[in-house]
Amino acid sequence: DAKTTQPNSMESNEEEPVHLPCNHSTISGTDYIHWYRQLPSQGPEYVIHGLTSNVNNRMASLAIAEDRKSSTLILHRATLRDAAVYYCILRGEFQGAQKLVFGQGTRLTINP
Amino acid sequence: EPEVTQTPSHQVTQMGQEVILRCVPISNHLYFYWYRQILGQKVEFLVSFYNNEISEKSEIFDDQFSVERPDGSNFTLKIRSTKLEDSAMYFCASSEVRNFNYGYTFGSGTRLTVV
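Structure report, in brief. (Residues numbered from 1 in each chain as written. Chains lettered and ligands numbered in written order. Predicted model: local features only at pLDDT ≥ 70, side-chain atom pairs only at ≥ 80, totals over all residues. Heavy atoms only, no water.)

What to know about the environment of Thr79(A)
Residue and element names in this part refer to chain A.
Phase 1: Residue placement: Thr-79 occurs in the loop between strand 7 (70-75) and strand 8 (84-91).
Phase 2: In this structure Thr-79 comes out as partly exposed when scored by relative accessible area, which is 36%.
Phase 3: Note: C-alpha distance between Thr-79 and Glu-16 (63 residues apart in sequence) is 8.3 Å.
Phase 4: Apart from the residues lying within four places of it in its own chain, the contact partners of Thr-79 are Glu-14 and Ile-110. (Helix = DSSP H or I, 4+ residues; strand = E, 2+ residues; numbered from the N terminus. Buried < 20%, exposed > 50% of the residue type's maximum accessible area, 1.4 Å probe, protein only. Contact = heavy atoms within 4.5 Å.)

Here is the structure:
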């Protein structure tokens, strides 16, 4: 399975932007980059995904490197509610059908 | 916004007993999944289900586990004879299409405690 590497933890302040990095140097050409997050005592929540171009939605932005070996999830203005574990997951033909393979993710702490 | 609903939120059961965890996926979704998360560990895939049959399962999903879509709305996970190590959060998820260009929706989970 192609692997993703994320920092174990990050910390930021409320109302500041947060950039969460993910390395995926063995990504294949048809792999999509998905981000999920898990708030305390909740199930995982879909955040955003992309293939090659940068993507924006109401929750976040996803910046994908030109060589696709890394990506960055951007929370433009963090709130306390954004404190969660963030998972970067590759999904594609070679990642095993439909299942999501979760790593340890990045635990994001937001300081008031 | 449409939700995946799971019941109960917490279930306590005696070792060796059967439990059924229930999920109501989003109504127009066709693909259904169960995941579990043992306390402090990663979220792990158990099984995916489409068109009334299992499409993929993990090594964890042994003969003690079964899934069913008994009617048009519910999706259940049954554990026949629970063990202490089955204690975990169990998450149901659904998706509209089988496509890597699409996200899943997860429920809030059922906390299963086997005593």
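Structural notes on the interface of chain A and chain B
Phase 1: Contact residues are listed per partner, giving 23 residues for chain A and 22 residues for chain B.
Phase 2: At the boundary of chain A with chain B, total buried surface from both sides reaches about 2000 Å², with 52% on carbon and sulfur atoms.
Phase 3: Looking at the side of chain A facing chain B, the largest losses of area belong to Gln98(A), Lys99(A) and Phe102(A), adding up to 30% of the total buried there.
Phase 4: Between Glu56(B) and Lys99(A) there is a salt bridge, with its nearest N and O atoms 2.8 Å apart.
Phase 5: In this assembly, chain A and chain B are joined by 6 residue pairs in polar contact (both at pLDDT 80 or more).
Phase 6: Put simply, the parts of the chain that give the side of chain A that touches chain B at least two residues each are strand 3 (32-38), strand 4 (44-50) and strand 8 of chain A. (Buried area = accessible area lost by both parts, 1.4 Å probe. Salt bridge = Lys/Arg side-chain N within 4 Å of Asp/Glu carboxyl O. Polar contact = N/O pair within 3.5 Å; in protein donor to acceptor, adjacent residues only side chain to side chain.)

Focus on the pattern of salt bridges
Residue and element names in this part refer to chain A.
Phase 1: According to the stated counting rule, one finds 6 salt bridges over all chains in the structure shown.
Phase 2: With its nearest N and O atoms 3.6 Å apart, the salt bridge here joins Glu-15 to Arg-77. Here Arg-77 lies in the loop between strand 7 and strand 8 and Glu-15 lies in the loop between strand 1 (9-13) and strand 2 (18-23), a separation of 62 residues in the sequence.
Phase 3: A salt bridge links Arg-37 to Glu-45; the shortest N-O distance between them is 2.9 Å.
Phase 4: Salt bridges here are not isolated pairs; linked through shared partners, they connect Arg-37, Glu-45 and Asp-82.

Considering the state of the cysteines
Phase 1: The tally for this structure, following the rule as stated, stands at 2 disulfides over all chains.
Phase 2: Disulfide partner of Cys22(A): Cys88(A), at an S-S distance of 2.1 Å. Its torsion about the S-S bond being -80°, the disulfide of Cys22(A) and Cys88(A) is classed as left-handed. On the criterion of sequence distance, the pair formed by Cys22(A) in strand 2 and Cys88(A) in strand 8 is long-range, its members being 66 residues apart.
Phase 3: In this model Cys23(B) forms its disulfide with Cys92(B); the gap between the sulfur atoms is 2.0 Å. For the disulfide bridge between Cys23(B) and Cys92(B), the dihedral angle about the S-S bond is near -65°, and by the sign convention the bridge is left-handed. (Disulfide = S-S within 2.5 Å.)

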